Amino acid sequence: MRIGHGYDVHRLVEGRRLILGGVDIPHTTGLLGHSDADVLTHAIMDAILGALGLGDIGRHFPDTDPAYAGADSLGLAARLVPMMAEAGLSVGNIDATVIAQAPKLAPYLPQMKDNLARALGTTPDRINIKATTEEHLGFTGEKLGIAAHAVCLLI
Ligand code: MG
C-alpha cells in the first residue's frame, strides 16, 4: 500500500468556467488557471503522484507548457493510470474535501465521483468527495478562491 496527500488552490474570477471534478457548475465566477483549473482533480492527482513518489502535478504537466493551456484536467488525471499500473498499483480509495463558500456543491458530488472514477480507472465506491465552507473566514470564505485537499491509498 502507498499513501499520498494533495492540496491545491485556484483563484475565483469573473469570466471563467467553474469546473470541479470534471463537472461544469453554473456560477457567477470560475477558477483561474493555465488548464481548466479543476482544483479538486488537481489535489487528487497530487495525492496519487505523492503515493507513487513521483513528485507533483507541476513536474508532469507544467503550467508553462502551452500543451496544457485550457487542458481538461480529467484527461490529465487519466494519464496517471498507466503510471499507477507501472508501479503495480491502482486506486484503493480516495477521500477529498473541496472548500468553497459558494456555490452549494452537494448536488454535483455524485457526478464528480463518476467522472473521477472513470478517469482513474476505478469505481465510484472507491472515491469520496466532501464539500465544506470555512464559515466566511479566509480566502475561501471571502469567495476569493476554492481549495481542495485529497488523500489516497494505492493498493
Ligand atoms: Mg492546480
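Residues numbered from 1 in each chain as written. Predicted model: local features only at pLDDT ≥ 70, side-chain atom pairs only at ≥ 80, totals over all residues. Heavy atoms only, no water.

Q: A description of the side chain of Thr97 should follow, citing residues and the corresponding values.
A: Topologically, Thr97 is positioned in strand E5 (residues 91-99). Once you skip the residues sitting within four places of it in the chain, Thr97 turns out to touch Lys130, Thr132, Ala147, Ala148 and His149. (Helix = DSSP H or I, 4+ residues; strand = E, 2+ residues; numbered from the N terminus. Contact = heavy atoms within 4.5 Å.)

Q: So, the pattern of salt bridges: which residues are in play, and what are the values?
A: For the coordinates displayed, the defined rule picks out two salt bridges. The salt bridge involving Asp24 is made with Arg17; its shortest N-O contact spans 2.8 Å. When the shortest N-O distance is used, the salt bridge between Lys130 and Asp95 registers 2.7 Å. Here Lys130, found in strand E6 (residues 127-132), pairs with Asp95, found in strand E5; they are 35 residues apart in sequence, far enough to count as distant. (Salt bridge = Lys/Arg side-chain N within 4 Å of Asp/Glu carboxyl O.)

Q: Lay out the coordination of the magnesium ion with the relevant residues and their values.
A: Ligation of the magnesium ion by protein atoms is provided by Asp8 (OD), His10 (NE2) and His42 (ND1), these donors lying 2.1 to 2.3 Å from the ion. Site description for the magnesium ion: donor spacing in sequence, D-x1-H-x31-H. (Donors = N, O, S within 2.8 Å, 3.2 Å for Na, K, Ca; no water.)

Q: Describe in detail the pairing of strand E1 (residues 2-13), supporting the description with residues and values.
A: Pairing of E1 with strand E7 (residues 145-154) involves ten bridges; the strand directions are antiparallel. Across the sheet, the residue bridging to Asp8 is Ala148, located in E7. (Pairing = 2+ DSSP bridges.)

Q: Mind laying out unusual backbone geometry, listing which residues take part and the relevant values?
A: A negative phi angle is the norm for most residues apart from glycine, just as the trans form is the norm for most peptide bonds. Residue Pro103 is reached from Ala102 by a cis peptide bond, and omega for that bond is -5 degrees. Tracing the backbone shows Pro103 in the loop between E5 and helix H5 (109-119). Of note in the backbone geometry, Glu135 takes a positive phi value of approximately 55 degrees without being a glycine. Secondary-structure assignment places Glu135 in the loop between E6 and helix H6 (138-141). Overall, Glu135 belongs to the exposed group, its relative accessible area being 60%. (Buried < 20%, exposed > 50% of the residue type's maximum accessible area, 1.4 Å probe, protein only.)

Q: Which residues make up the packing of aromatic side chains, and what values do they have?
A: The description of an aromatic ring pair rests on the distance of the ring centres and on the angle between the ring planes. Here the structure, examined in full by the defined rule, presents one aromatic pair. For the ring pair Phe61 and Tyr68, a centre distance of 5.5 Å and an interplane angle of 85 degrees mean the geometry is edge-to-face. Assigned by exposure class, Phe61 and Tyr68 land together as buried. (Phe/Tyr/Trp six-rings, centres within 6.5 Å; stacked < 30°, edge-to-face > 60°.)

Q: I'd like to hear about the nonpolar core, residue by residue, with values.
A: Among the nonpolar cores identified, the biggest contains 46 residues, and Leu20, Leu40, Ile44, Ile48 and Leu154 are the most heavily contacted of them. With ten residues, helix H1 (residues 39-52) is the largest single contributor of residues to this core. Those residues in contact with Ile44 that lie beyond four places of it in its chain are Ile94, Ala96, Leu116, Leu120 and Ala150. (Core = buried A, V, L, I, M, F, W, Y, C linked by side-chain atoms within 4.5 Å.)

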